[in-house]
Amino acid sequence: MALVHISSSACFTTVLGHSRVNRRIRAVASSSEGGSAATLKTTVGEEKIKLGGSDLRVTALGIGAWSWGDTTYWNNFDWNDRKEKDAKKAFDASIDGGVTFFDTAEVYGSGLALGAVNSEVLLGRFIKERKAKDPDVEIAVATKFAALPWRFGRQSVLTALKDSLCRLGLTSVDLYQLHWPGVWGNEGYIDGLGDAVEKGLVKAVGVSNYSEKRLREAYEKLKKRGIPLASNQVNYSLIYRAPEEKGVKAACDELGITLIAYSPIAQGVLTGKYTPDKPPSGPRSRIYTPEFLTRLQPLLNKIAEIGEKYGKTSTQVSLNWLIAQGNVVPIPGAKNAEQAQEFIGALGWRLSGEEVAELRSLASEIRPTVGFPVENL
């Protein structure tokens, strides 16, 4: 994820005339029913996760909006009306299926990238249009503060949050996160999160890409103000298990912090659609090379085999593996309605303990992929 300049007036430069929605979107997830499987025990809408020690409850799976409007990493460097319509269909399909938790960030779809549209602007527009048709729909919105080097102190967090609210067209968001640890000023940023809670601008606060040490420090600092650290959003998938290996997952479980997993299907690689002869395009091609995809085939074959047993796709098996770890909310990115519907099929059933262990064992034989390096700060 590229670091980009977001000015304090970003709301007014990136909204580009889109109308504001001065409504509060509550945190309780929709109770719509989802898909089924032989081991179905609950409907999708009934599966809700309480984020850490906060009062915020969201669906057991969310939708990531990193690709919406982006032209620097996704969409082959091009954003157009067709892709926007597809993103809107993904949004609606998610809600129709009972998944009502959406994660975005101020730097997604930077206004400085040619042809890009800010992801927060798009999500805000989609919410407004959906609310016009269904006023009672309840949507949980998460967004993030970019810890850019020139941002200092607690006030920078509040200023950025207010700009995000403007782009989203909301009076508050459900979850506000520090996108990555800052080079300096992290204590001030944590103070800013606490201030946002006390001012009623957010329901819960979290961090992202935080190591175990930084996670514990943030938790203790907020605890002194009586504010729970709800979540830590990190890169986590079957083939990128650094949160397990570096103590982050264990710390989350110990402290009662929910782990939100981004890139949970390894940016599409665990779907099985990429092969050594057909690797992904764009920046992903530098991570998921033909050589890596060759080594990945035994794992992909086992994922597909297990999927056949449950009548599930490889994508759904990979997402379910994460959910089976407990205290994990995956947020795959949906570019269209079909992808959103497929993600929903990861809910309402569960892999066996033996299958979870077998997949981990196979995955452990593969050299891990590159993560988001700031997690090592």
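Presented here is an overview of the structure given in this document. This is a predicted model, so every value here is computed, not measured. (Residues numbered from 1 in each chain as written. Predicted model: local features only at pLDDT ≥ 70, side-chain atom pairs only at ≥ 80, totals over all residues. Heavy atoms only, no water.)

**Brief notes about a nonpolar patch on the surface**
- A contiguous nonpolar patch, built from W150, F152, V183 and W184 and spanning about 490 Å² of accessible area, is present on the exposed surface.
- Among the secondary structure elements, W184 is positioned in the loop between β6 (173-178) and α5 (186-198). (Patch = residues over 30% accessible without salt bridge, like charges linked within 9 Å, V, L, I, M, F, W, Y side chains within 5 Å. Areas by Shrake-Rupley, 256 points an atom, 1.4 Å probe, with all protein chains shown as cover. Salt bridge = Lys/Arg side-chain N within 4 Å of Asp/Glu carboxyl O. Helix = DSSP H or I, 4+ residues; strand = E, 2+ residues; numbered from the N terminus.)

**Some details on the packing of aromatic side chains**
- Per the counting criterion, the structure on display carries 10 aromatic pairs.
- With a centroid separation of 6.4 Å and an interplanar angle of 70 degrees, the aromatic rings of Y236 and W321 are classed as edge-to-face. Taken together, the positions of Y236 in the loop between β8 (229-235) and α7 (242-245) and W321 in helix α10 (residues 314-323) put the pair 85 residues apart, joining distant regions of the chain.
- Taking the relative accessible area as the measure of exposure, Y236 reaches 0% and is therefore buried.
- Through successive ring pairs, a cluster of aromatic residues spans W68, F91, F102 and F126. (Phe/Tyr/Trp six-rings, centres within 6.5 Å; stacked < 30°, edge-to-face > 60°. Buried < 20%, exposed > 50% of the residue type's maximum accessible area, 1.4 Å probe, protein only.)

**Quick notes on the pairing of strand β9 (residues 258-262)**
- When you tally the buried positions in β9, you get 5 out of 5 residues, the bulk of the element.
- On β9, burial covers both faces: T258, I260 and Y262 on one face and L259 and A261 on the other are all buried.
- Relative to β9, β8 is paired through 5 bridges, and the arrangement is parallel. Each bridged residue has a counterpart across the sheet, and for V234 the counterpart in β9 is A261.
- One ladder, built from 3 bridges, connects β9 with strand β10 (residues 328-330); its direction is parallel. Across the sheet, A261 pairs through a bridge with P330, a residue of β10. (Pairing = 2+ DSSP bridges.)

**Structural notes on the environment of L255**
- Here L255 shows up in helix α8 (residues 248-255).
- Put simply, L255 and L229 are 26 residues apart on the chain and 9.0 Å apart in space, counted from C-alpha to C-alpha.
- Discounting residues that sit within four places of it in the chain, L255 has contacts with R216 and Y219. (Contact = heavy atoms within 4.5 Å.)

**Considerations on the packing of helix α4 (residues 153-168) against α5**
- Contact geometry of α4 with α5 gives a least axis separation of 7 Å together with a crossing angle of 50 degrees. Here α4 lies oblique to α5, going by the angle between them. With respect to the hand of their crossing, α4 and α5 are arranged in right-handed fashion. Between α4, through G153, R154, S156, V157, L158 and L161, and α5, the contact on the second element is made entirely by G188, Y189, D191, G192, L193, D195 and A196.
- Of the residues belonging to the contact of α4 with α5, the class tally is 6 nonpolar, 4 polar and 3 charged. (Axes fitted to C-alpha atoms, helices over the stretch in contact; angles between N-to-C directions. Parallel < 35°, antiparallel > 145°, perpendicular 65-115°, else oblique. Left-handed = near helix turned anticlockwise from the far one by under 90°. Nonpolar A, V, L, I, M, F, W, Y, C, P; charged D, E, K, R; others polar.)

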